[in-house]
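Residues per chain are reported as follows:
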Amino acid sequence: MKPQDYIDLENRYGAQNYKPLDVVLSKGEGVWVWDVEDNRYMDCLSAYSAVNQGHCHPRIVAALQEQAERLPLTSRAFRNDQLGLLYEELCRLTNSHKVLPMNSGAEAVETAIKAVRKWGYMEKGVPENQAEIIVCANNFHGRTISIVSFSTDSGARAGFGPFTPGFRVIPFGDAQAFEQAITPHTVALLVEPIQGEAGVIIPPEGYLRRVRELCDTHGIQLILDEIQTGLGRTGKLLAEEHEGIEADITLIGKALSGGLYPVSAVLSNTEVLGILRPGEHGSTFGGNPLACAVARAALNVLVEEGLIANAELMGQRFMKGLRAIANPAVRDVRGRGLLLAVELDPSAGGARPYCERLKEAGLLCKETHENTIRFAPPLVITAEQVDWALERISSVLSA
Ligand SMILES: *Cc1c(COP(=O)(O)O)cnc(C)c1O
């Protein structure tokens, strides 16, 4: 089969809810992926930061194989010999008290919403059905009805109403707007430490510290969605560490499995997860032994192979290289660790054509919104590989 044959099959039989670059991949290793004609590309998207440990990391693949042959699924009707170990390792690593495992990121977000609402009614004394959760404009937290109910992206929302009530949207990075939006019914602030899908938007210095204080003062749960920023991506295990704060609830997913399996988790530092009783929440696959074994290996790799420090170091090198590209079309270069973005001037004709040209040059990345290209390679990237990428980016952006 030719690449076009695969594309035709997808177009003929698949829902067209994505607009992928026309590259048909069939193999991956580390930062590299190969298409069906054996052309090699550097992956600078890492499946939206799910593949922080690099494609097909041998230790994670081995854990998956071993557990798949032993026992993949028990359901939570019974206990298994992997779940408790994952809980312990996650709590030790992130300084949390409780874990609730799910599969997709959106499910972790939904779980947190349910937990803080219930906490609001049981502990804070909010009247039944009146709980409010404050969220930020240009957020990305997933695709379920409740989550798109508080999206400000018209593409994510249009045509999907009626929407779930109970959310209030404020500008991102504006602690004063948060303070003004608080009411006695506010149970939580749900926010990304850095807005990834919005184009790698970094809030002003001190923002997270200030919202942390306000949450403490007003008895509000701070929920940080670290599904994209967490697990080493920004050069820290969690992006909250850049401001020296701790969320009450931290959401992780994506790289929690190194890209081999959907695994997400809600971590909490207060007893908010303790509010959930048997029968009130669950998932057939959540916390299954295969997911737990894969996640344990993925976390191990992150820590033992020094990927977090490497993200910091390689991020600095990548950023320096991007900043050195002299092109009037580049409006801004920003990022933290290996979550980087180049924003182009609207007059440049959009980021998509640049992503197409980067693909031709052997580098895969994706536009976010109209004018921004995100660069987020696997955290296993080496200095030589960063330089290899920069040469290509520089020649495409300068052309
Ligand atoms: C990807 C992402 C999600 C949703 O995760 P899914 O696994 O796609 O449901 C939620 N929040 C953030 C910040 C994300 O980047």
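On a predicted model such as this, the values are computed, not experimentally measured, just so you know.

A separate point is the sheet that holds strand β13 (residues 363-364). Strand order in the open sheet formed by four strands is β1-β2-β3-β13, with mixed pairing between adjacent strands. Edge positions in the sheet fall to β1 (25-29) and β13, since each of these pairs with one other strand and no more.

Time to look at the site of the ligand. Lining the immediate environment of the ligand, one finds Ser104, Gly105, Ala106, Phe140, His141, Gly142, Glu192, Asp225, Ile227, Gln228 and Lys254. Between an oxygen atom of the ligand and a main-chain N or O atom of glycine 105, the distance comes to 2.8 Å. Between the ligand and phenylalanine 140, the relevant distance is 3.4 Å, taken from a nitrogen atom to a main-chain nitrogen or oxygen of the residue. Calculation on the ligand without its partners gives an accessible area of 390 Å², and the protein chains cover 81% of this total. A breakdown of the residues in the shell around the ligand according to their chemical character gives three nonpolar, five polar and three charged.

Here we take up the domain arrangement of the protein. Splitting the protein by domain gives domain 1 (3-56 + 306-398) and domain 2 (58-304). Between the C-alpha centres of domain 1 and domain 2 there is a distance of 26 Å. Listed as interface residues are 30 residues of domain 1 and, on the opposing side, 31 residues of domain 2. Taken as a group, Gln53, Ile308 and Arg336 account for 29% of the area that domain 1 buries against domain 2, more than any other trio of residues on that side. Scanning the region where domain 1 abuts domain 2 turns up one salt bridge. When the shortest N-O distance is used, the salt bridge between arginine 374 and glutamate 197 registers 2.7 Å. Residue assignment for the side of domain 1 that touches domain 2 shows that the elements contributing at least two residues are α2 (46-49), α11 (307-323), β11 (330-336), β12 (339-344) and β15 (372-375). Here the side of domain 1 that touches domain 2 gets four residues from one element, more than from any other, and that element is α11.

What counts, and at which threshold
- Throughout, residues of each chain are indexed from 1 in the direction in which the sequence is written.
- Given that this is a predicted model, residues contribute local features only at a pLDDT of at least 70 and side-chain atom pairs are listed and counted only at 80 or more, while totals for whole chains, interfaces and linings are drawn from all residues.
- Hydrogens and water are ignored here; the side-chain numbers use all heavy atoms of the structure.
- At least two bridges found by DSSP between two strands is the condition for calling them paired.
- Helical segments are the DSSP runs of H or I of at least four residues, strand segments are the runs of E of at least two, and each set is numbered from the N terminus.
- When we say a residue is near a molecule or strand, we mean one of its heavy atoms is within 4 Å of it.
- Pairs of N or O atoms are called polar contacts if they sit within 3.5 Å, as long as, within protein, a hydrogen donor faces a hydrogen acceptor (for residues adjacent in sequence, only side-chain-to-side-chain pairs).
- Calculation of accessible area relied on Shrake-Rupley with a 1.4 Å probe; when residues are assessed, cover is drawn exclusively from the protein chains displayed.
- Polar here means any residue outside two lists: the nonpolar Ala, Val, Leu, Ile, Met, Phe, Trp, Tyr, Cys and Pro, and the charged Asp, Glu, Lys and Arg; Gly therefore counts as polar.
- Segmentation into domains, and thus their bounds, comes from an automatic or database assignment.
- Working rule for contacts: check all heavy atoms of both residues, and any pair within 4.5 Å makes them a contact.
- Summed over both partners, the accessible area lost on bringing two parts together, with a 1.4 Å probe, is the buried area.
- We define a salt bridge as a side-chain nitrogen of Lys or Arg found within 4 Å of a carboxyl oxygen belonging to Asp or Glu.

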